[in-house]
Amino acid sequence: MKVQLLSLKKACLNAIKEVETLRSLQEVEVKYIGRKGELTSILRGVKDLPDKQKPIIGKLSNKVKNELETAFKVKIVELETAELNKKLKDDNFDITVPGPDNNLGHIHPLSQVQRKVENIFGSMGFTVMDGPEVESEYYNFEGLNIPSWHPARDMQDTFFIKGKKDKKHGRMVLRTHTSPVQVRTMEKFGPPLRVIVPGRTFRYEATDASHDTTFYQVEGFMIDKDISIAHLKGVLAQFLSRLFEKDVKVRIRPGYFPFVEPGLEVDFSCLICGGKGCRVCKHTGWVEFMGAGMIHENVLKAGGIDPKKWQGWAFGFGLTRLVMMRHAIDDIRLLLGGDLRFINQF
Ligand code: FA5
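Everything in this summary refers to the structure shown in the same document. Just so it is clear, the structure is predicted and the values come from calculations on it, not from any experiment. (Residues numbered from 1 in each chain as written. Predicted model: local features only at pLDDT ≥ 70, side-chain atom pairs only at ≥ 80, totals over all residues. Heavy atoms only, no water.)

1. Some words on the packing of aromatic side chains
Geometrically, a pair of aromatic rings is defined through the distance of the ring centres and the angle of the planes.
Here comes step 1: By the definition in use, this model includes twelve aromatic pairs.
Here comes step 2: Summarising the aromatic geometry, the rings of Phe 121 and Phe 239 are spaced 4.7 Å apart at their centres and angled 35° between planes, so their arrangement reads as tilted. Taken together, the residues span a long stretch of sequence, with Phe 121 in helix H5 (residues 109–123) and Phe 239 in helix H8 (residues 229–244) at a distance of 118 residues.
Here comes step 3: Relative to Tyr 139, the ring of Tyr 138 has its centre 5.1 Å away and its plane inclined at 70°; by these criteria the two rings are edge-to-face.
Here comes step 4: Through successive ring pairs, a cluster of aromatic residues spans Phe 121, Phe 126, Phe 239, Phe 289, Trp 313, Phe 315 and Phe 317.
Here comes step 5: The ring centre of Tyr 139 lies 4.1 Å from the NZ or CZ of Arg 184, which sits over that ring.
Here comes step 6: A cation over a ring is seen here: Lys 225 above Trp 310, with NZ or CZ 4.5 Å from the ring centre. (Phe/Tyr/Trp six-rings, centres within 6.5 Å; stacked < 30°, edge-to-face > 60°. Helix = DSSP H or I, 4+ residues; strand = E, 2+ residues; numbered from the N terminus. Lys NZ or Arg CZ within 6 Å of the ring centre and 35° of its normal.)

2. Observations concerning helix H2 (residues 22–33)
Here comes step 1: Spanning twelve residues, H2 covers 16 Å between terminal C-alpha atoms, matching the ideal 16 Å at 1.5 Å per step.
Here comes step 2: When we look at burial in H2, the residues that qualify are Leu 25, Val 28, Tyr 32 and Ile 33. Buried residues along H2 cover an arc of 85° about the axis, so they all sit on one side. Exposed side of H2, more than 90 degrees from the buried face: Arg 23, Gln 26, Glu 27 and Val 30 are the residues found there.
Here comes step 3: For H2, the secondary structure elements touched by its buried residues are helix H1 (2–18), helix H3 (38–43) and helix H4 (53–91). (Expected span 1.5 Å × (residues − 1). Buried < 20%, exposed > 50% of the residue type's maximum accessible area, 1.4 Å probe, protein only. Arc of directions from axis to C-beta. Contact = heavy atoms within 4.5 Å.)

3. Quick notes on the pattern of salt bridges
Here comes step 1: Here the structure, examined in full by the defined rule, presents 19 salt bridges.
Here comes step 2: In this structure, Asp 267 and Arg 251 form a salt bridge, with 3.0 Å as the shortest nitrogen-oxygen distance. Within this pair, whereas Asp 267 is found in strand S8 (residues 260–269), its partner Arg 251 is found in strand S7 (residues 250–255), the two being separated by 16 residues in sequence.
Here comes step 3: On the basis of relative accessibility, which here comes to 2%, the residue Asp 267 falls in the buried class.
Here comes step 4: Among the ionic pairs, Arg 341 bridges to Asp 339, the shortest N-O distance being 2.8 Å.
Here comes step 5: Accessibility expressed as a relative area gives 69% for Arg 341, which makes it exposed.
Here comes step 6: Within the structure, one salt-bridge network assembled from shared partners comprises Glu 137, Glu 142, Arg 153 and Arg 171. (Salt bridge = Lys/Arg side-chain N within 4 Å of Asp/Glu carboxyl O.)

4. Digging into the site of the ligand
Here comes step 1: In the region of the ligand, 26 residues are neighbours, and His 177, Ser 179, Arg 203, Glu 205 and Asp 212 sit closest.
Here comes step 2: Here an oxygen atom of the ligand sits 2.8 Å away from a polar atom, N or O, in the side chain of Arg 203.
Here comes step 3: Alone, the ligand offers 680 Å² of accessible surface; in the complex the protein occludes 96% of this.
Here comes step 4: Going through the elements one at a time, strand S6 (214–224), strand S9 (286–295) and strand S10 (311–318) are the ones with two or more residues in the shell around the ligand.
Here comes step 5: By residue number, the principal contributor to the shell around the ligand is S9, which donates five residues.
Here comes step 6: Of the residues belonging to the shell around the ligand, the class tally is ten nonpolar, ten polar and six charged. (Near = heavy atom within 4 Å. Polar contact = N/O pair within 3.5 Å; in protein donor to acceptor, adjacent residues only side chain to side chain. Areas by Shrake-Rupley, 256 points an atom, 1.4 Å probe, with all protein chains shown as cover. Nonpolar A, V, L, I, M, F, W, Y, C, P; charged D, E, K, R; others polar.)

5. Describing the packing of H2 against H4
Here comes step 1: For the pair H2 and H4, interaxial distance at closest approach is 10 Å and the crossing angle is 170°. Considered as vectors, H2 and H4 are oriented roughly antiparallel to each other. Contacts between H2 and H4 involve Leu 22, Leu 25, Val 28, Glu 29 and Ile 33 from the first element and Leu 68, Glu 69, Phe 72, Lys 75, Ile 76, Leu 79, Glu 80 and Glu 83 from the second.
Here comes step 2: Residue composition of the contact of H2 with H4, grouped by class: eight nonpolar, no polar and five charged. (Axes fitted to C-alpha atoms, helices over the stretch in contact; angles between N-to-C directions. Parallel < 35°, antiparallel > 145°, perpendicular 65-115°, else oblique.)

6. Digging into unusual backbone geometry
Here comes step 1: Cis geometry is adopted by the peptide bond preceding Pro 192, which originates at Pro 191 and carries an omega value of -5°.
Here comes step 2: Along the chain, Pro 192 falls in the loop between helix H7 (180–189) and strand S5 (193–202).
Here comes step 3: Residues Glu 261 and Pro 262 are joined by a peptide bond in cis, for which omega reads -5°.
Here comes step 4: Looking at the element boundaries, Pro 262 is found in strand S8.
Here comes step 5: Here the phi dihedral of Lys 282 falls at roughly 50°; this positive angle occurs in a residue that is not glycine.
Here comes step 6: Mapped onto the elements of the fold, Lys 282 is located in the loop between S8 and S9.
Here comes step 7: Backbone geometry places Ala 328, a non-glycine residue, at a positive phi of 50°.
Here comes step 8: Topologically, Ala 328 is positioned in the loop between helix H10 (319–327) and helix H11 (340–343).

7. Things to note about the environment of Thr 207
Here comes step 1: Along the chain, Thr 207 falls in the loop between S5 and S6.
Here comes step 2: With relative accessibility at 36%, the residue Thr 207 sits in the partly exposed group.
Here comes step 3: Ignoring any residue separated from it by four or fewer positions in sequence, one finds Thr 207 in contact with Asp 212, Thr 213 and Arg 333.

Right, dumping it as structure tokens:
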């Protein structure tokens, strides 16, 4: 039996050596060491051997089996490598070409600028707050000194949420501005306050190059003792020069918002046309940038703050318009349009 095993080994190793394809190698494997192969049929005879020989032959047959299995593995690698090399040669396959792009995403330009705004105000001691996008009429309007009968309601075209009505606070709306977070924050934390609120806002408006139905605003407000518009000017000057890293002309003119008194409008010289006039600035050279003013005493009262002891200012600007200025984007609708050809440029 020993002789049988050794000659099987020799024959099998020779066959492995001769083989040129993986398919024929598999046939050799089945023939010699498969379940119904020659090695198995030899081993069937072990039970008939004298007891003394059984362990010797058993050991030898295991050794032969292991050696043959290793020889098969080595040959598989050899054949596969040869096949790959042949393919590389035949196909003109260039292994130095980089692999497919793994398509890593990146931060949206709106979020990039929002982070910058948060950092600048953060360094001036402002806290970043958040508020609900689906807001009650009370916080969006009444709490801000805009009762339902007031003509100022027409200033902001509103999406109303069908069928939802909060008992205490009226209908639900998609917030038209970030100002509702003013009263919410006053109620929650009380004075003194130094807060900014970046967030998404919605208006039922016809869209054009500078108006969208969904856009981002940043609210800012400061409430303390002896606060005046001079502090607002100082904070804005610091903010704008750090954000644009260059001189930007700012125009302050009287404005009207029911929640501030006096009210201000702050405009920027248009950075897209350099003030010459284009479709973004409606050919005026100025872009409407923010509303601001001293917080109306009715708003402070709604927030549970005594207007005789505390004063403050507030502002609200369009973050989306700021991004347009920063990157000279001449149509607001591109920013949330989802076109990767556009967004991948930032
Ligand atoms: C407001 O929303 C006030 N809440 C701002 C405010 C806050 C005033 C605190 C006083 C004190 P206004 O409606 O002007 O104001 O909007 C503010 C800014 O949002 C605008 O200057 C503009 O930059 C941006 N904005 C308004 N409507 C749109 C729109 N449809 N698309 C893109 N940006 C818009």
